[in-house]
Amino acid sequence: MVEARGVHKSYVGVEVLKGVDLTVERGEVTCLIGPSGSGKSTLLRCINHLEKVDAGELRVDGELVGYEARGDKLYELNDRRICHERSQIGMVFQRFNLFQNLNVLENITVGPTKVKEINAEQAKKTARELLARVGLEGKEKNYPTQLSGGQQQRVAIARALAMEPKLMLFDEPTSALDPELVGEVLDVMKDLARSGMTMIVVTHEMGFAKEVADSVYFLDQGVIEESGDPKAVLTSPSSPRLQSFLSKVL
Amino acid sequence: MNTNGDAAVEVVPVRHVGQWIGMAVVALFIAMFVHTLFSKIPSGARSCHLIAGKNQCHAILRWRFGWNLIFHYFTNGGILRGLVVTLELTVFAMVVGIVLGVVVAIMRLSHNRVLSGVAWTYTWLFRGTPVYVQLLLWGFIAFLYPTFAIGIPFTHIYLFQFGANSVFIPFNAAIAGLGLNEGAYFSEIVRSGLIAVDEGQTEAAISLGMTRAQTLRFVVLPQAMRVIIPPTGNEVISMLKTTSLVVVLAVVDLLGAVDNIIGQNYQPMPMLLLASIWYLIVSTILSIGQFYLERHFAKGALRTPPLTPIQRMRQDIRGIASKYRTKRGVPTRATT
């Protein structure tokens, strides 16, 4: 589903990703872990084309992200095509980023109605089902500021799911939450993973990684230090960097 | 309140002596000013002494503020016609300004260099020159461009042409001048609103697959409105008064009408006060509109919307009532 080969990315003068390889199969849950500034979020944002890759190859579902290969040249996609690519990938942010001017139901229906041009009634029906799925029935008319962090994040997940994405990206979805609210969001994510959704999760929740992930990638300073089966990687790490990282996190 | 919840302890507030003295002084000044409002003074005092002698001077008194004249001319036909012109100019110029401002702000933030360059130049030019000059320029545009035409550039082949003077009649020139100037200022207001919306909102919208236009239309602009409205109220009220500059184009607005009357009765003070009262009335109505508009766009940004004046009054009355009840010893929810 996602295939990265030698992905490089720099911001003004700073190289954030220095040749990252990553493979995510359909229906798999992949966790990206590592210290802050290691490039986890940047990699995730590249997959959604929120950031442009400088060098290397990044494919989602076999197609290059943001480019089209014709002959021996790469052609940048126009805005319309990029929007279409993004609409098939769901993203959940650390700071929820619910639309403040819209209520819960409108937050969920705005994507399907405006981007996929599904009719409003159908979108509302789906939205209510999704709200039930994330355990938030009856909150339709609330505005984001009236919800707790955990509730907001669950709405954000429902919003992303409403687009029926083939891939879900989570950028530290529980990092901005009170410890007691983390569980409710993780439960929704676990449920999602069981339903067969392909997920890439940037997280500091090692318990979640161990329990749910099919594979774990440890990034440090823009390179993948270690990867593989979560139980093996997280319980008996071989690289000294991961050992010291885990000793601090756990 | 007390910790036990039953025996009430008397609480003595701090006495603000200085505040009371200050209040007395302010009250005195207000009383003096109010007295001048409703007092009469000798009319043409000096000549009165010379002609009639000291004792007869009391006979000729006039309202210091000329209330009789203000009242007499308040709904004068000319004044009301001028008021309508002022309101029309304000509305049309603001509509032009707001539409231009929004478009220019969006252009300015565009990734397209041509668009942002054009927007920057427009703002630079129209914000950087006096509105007075701009008004005159549109009024006398025929001096620079006597005719406008649609056709093939640098040839004499026209599909359509018209004379500048037929379109830029004084009223239209006034709207063009005021509106274009306003657009330059307003674009900066809109831009500040757009910048104020959290980047995360845009990212979330884009990640759903929305185009830039959709993101702007459904997510960013509605949230920017909250920031844009207060200065917009400012601009409308400011425009209401700036329209008085159109006198240079011989458009008779409220102040123009007042000027005409001054020319007849030689009473500038009361007539200018009359105009000011009308301006105050209109700007008060505009402020009330602004309050409700702000309240509407606070939707979602605040947990509880601000109270309307009527709601606040009800709350105050309830507060006073409950205070009264506590004084009589009836426990209220405050003592639990």
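Starting from 1, residues in each chain are numbered consecutively following that chain's sequence as written. In the order they appear in the text, chains get letters beginning with A and ligands get numbers beginning with 1. Totals for whole chains, interfaces and linings use all residues, but because this is a predicted model, local features are given only for residues with pLDDT of at least 70 and pairs of side-chain atoms are given and counted only at 80 or more. Calculation of side-chain values draws on the structure's entire complement of heavy atoms; hydrogens and water are dropped beforehand.

Chemist: When you look at the overall build of chain B in this model, what are you seeing that I'm missing?
Modeler: Every helix listed is a DSSP run of H or I at least four residues long, and every strand listed is a run of E at least two residues long, numbered separately from the N terminus. Of the regular secondary structure elements, chain B holds 13 helices and four strands. Across the 336 residues in chain B, those meeting the buried criterion constitute 32%. Only heavy atoms matter for contacts: two residues are in contact if any of them lie within 4.5 Å across the pair. A fraction of 66% describes how many contacts in chain B between residues 6 or more apart in sequence connect residues 24 or more apart. For the area figures, the Shrake-Rupley method with a 1.4 Å probe applies, and any residue is considered shielded solely by the protein chains shown. Roughly 21700 Å² of accessible area belongs to chain B as shown, and the carbon and sulfur atoms make up 67% of that amount. In this scheme, a residue with accessible area under 20% of its type's maximum is buried, one over 50% is exposed, and one in between is partly exposed, where area comes from a 1.4 Å probe on protein chains only.

Chemist: What exactly am I supposed to notice about the overall build of chain A here?
Modeler: Per the secondary structure count, chain A includes nine helices and 12 strands. C-alpha atoms define the radius of gyration in this analysis, and the globule rule sets the expected value at 2.2 Å times the number of residues to the power 0.38. Taking 250 residues into account, the globule formula puts the C-alpha radius of gyration at 18 Å, and chain A, at 18 Å, falls close to it. When its C-alpha atoms are laid out on the principal axes, chain A stretches across 50 × 50 × 35 Å. Taking all 250 residues of chain A together, 54% fall into the buried category. For chain A, long-range pairs separated by at least 24 residues make up 65% of all intrachain contacts whose partners lie at least 6 apart in sequence. Counting every atom, chain A has about 11000 Å² of accessible surface; 45% of that belongs to carbon and sulfur. The average position of the 31 basic charges and that of the 36 acidic charges among the side chains of chain A differ by 4 Å. Positive charge is attributed to Lys and Arg, negative charge to Asp and Glu, and no charge count is given to His or to the chain ends. One atom stands in for each charge, and that atom is NZ of Lys, CZ of Arg, CG of Asp or CD of Glu.

Chemist: How should the interface of chain A and chain B be read in this particular structure?
Modeler: The figure often quoted for interface size is the accessible area lost as the parts come together. Counting residues at the interface gives 24 residues for chain A, matched by 23 residues for chain B. Summed over both partners, buried area is the accessible surface (1.4 Å probe) that two parts give up on being assembled. Between chain A and chain B, roughly 2100 Å² of surface is buried when both sides are summed, and carbon and sulfur atoms account for 57% of that area. Its largest share of buried area at the contact with chain B, chain A owes to A:F99, A:N101 and A:T145, together 26% of the area lost on that side. By definition, a salt bridge exists where a carboxyl oxygen of Asp or Glu is found within 4 Å of a side-chain nitrogen of Lys or Arg. Where chain A packs against chain B, one counts two salt bridges.

Chemist: Just to check I follow, could you spell out the packing of helix 4 (residues 77-108) of chain B against helix 12 (residues 268-297) of chain B for this structure?
Modeler: The axes of two packed helices give the description: the angle between them and the distance between them. Residues and elements named next belong to chain B. Lines fitted to C-alpha atoms define the axes here, with helix axes fitted over just the stretch in contact, and angles between the N-to-C directions of these axes take values from 0 to 180 degrees. Contact pair helix 4 / helix 12: the axes reach a minimum separation of 12 Å and the direction vectors enclose 45°. In terms of their interaxial angle, helix 4 and helix 12 are classed as oblique. For the pair helix 4 and helix 12, the sense of crossing is right-handed. Two secondary-structure elements touch here, helix 4 through I79, L80, L83, T86 and L87 and helix 12 through L274, W278, Y279 and V282. Orientation labels follow simple angle bins: below 35 degrees gives roughly parallel, above 145 gives roughly antiparallel, 65 to 115 gives roughly perpendicular, and whatever is left gives oblique. Take the far helix as your reference; a near helix turned counterclockwise from it by less than a right angle gives a left-handed crossing, and one turned clockwise gives a right-handed crossing.

Chemist: Can you walk me through the pairing of strand 6 (residues 67-70) of chain A in this structure?
Modeler: Successive residues of a regular strand alternate their side chains across the two faces of the sheet. Residue and element names in this part refer to chain A. Any two strands with at least two DSSP-identified bridges between them are counted as paired. With four bridges joining them, strand 6 and strand 7 (residues 73-76) adopt antiparallel strand pairing. Bridge assignment links R70 to a residue of strand 7, and that residue is K73. Here strand 6 folds back onto strand 7, and the loop between the two strands holds two residues, one of which, G71, carries a positive phi near 65°.

Chemist: Looking at this model, I keep getting lost on the packing of aromatic side chains. Mind explaining?
Modeler: Note on aromatic pairs: each is described by the distance of the centres and the angle between the planes. Working definition: rings of Phe, Tyr and Trp (its six-membered ring) pair if their centres are within 6.5 Å, and the pair is stacked with planes under 30 degrees apart, edge-to-face with planes over 60 apart, and tilted otherwise. For the coordinates displayed, the defined rule picks out 12 aromatic pairs over all chains. Between B:Y145 and B:F148, the ring centres sit 6.2 Å apart and the planes meet at 40°, which makes this aromatic pair tilted. Joined through ring pairs, the aromatic side chains of B:W138, B:Y145, B:F148, B:F160, B:F162 and B:F168 make up one cluster. Two conditions define a charge located above a ring, namely a distance within 6 Å from the ring centre to NZ of Lys or CZ of Arg, and an angle within 35 degrees of the ring normal. Sitting over the ring of A:Y75, A:R70 keeps its end group 4.3 Å from the ring centre. Over the face of the ring belonging to A:F99 we find A:R159, whose NZ or CZ atom lies 4.5 Å from the ring centre.

Chemist: It is not clear to me how the sheet that holds strand 9 (residues 167-171) of chain A should be interpreted in this structure. Could you clarify?
Modeler: Strands in a sheet are paired, the pairing made by backbone hydrogen bonds, and the direction either parallel or antiparallel. Residues and elements named next belong to chain A. Strand order in this open sheet of six strands is 8-9-10-3-11-12, and the pairing throughout is mixed. Each of the sheet's edge strands pairs with one partner strand only, and the pair in question is strand 8 (89-92) and strand 12 (223-228). Strand-to-strand twist in this sheet, taken as the mean axis angle between neighbours without regard to direction, amounts to 15°. Sheet analysis places strand 3 (residues 29-33) next to strand 11 (residues 215-220), joined by four bridges and oriented parallel. Each residue of the ladder has a partner; that of L32, found in strand 11, is Y217.

Chemist: How should I be thinking about the pairing of strand 11 of chain A in this particular structure?
Modeler: Residues and elements named next belong to chain A. Here strand 11 lies mainly inside the structure; six of its six residues are buried. Covered by surrounding structure in strand 11 are S215, Y217 and L219 together with V216, F218 and D220, the residues of both alternating faces. Summarising the sheet, strand 11 and strand 12 pair through five bridges and their orientation is antiparallel. Note on strand 12: the bridge partner recorded for Y217 is S227.

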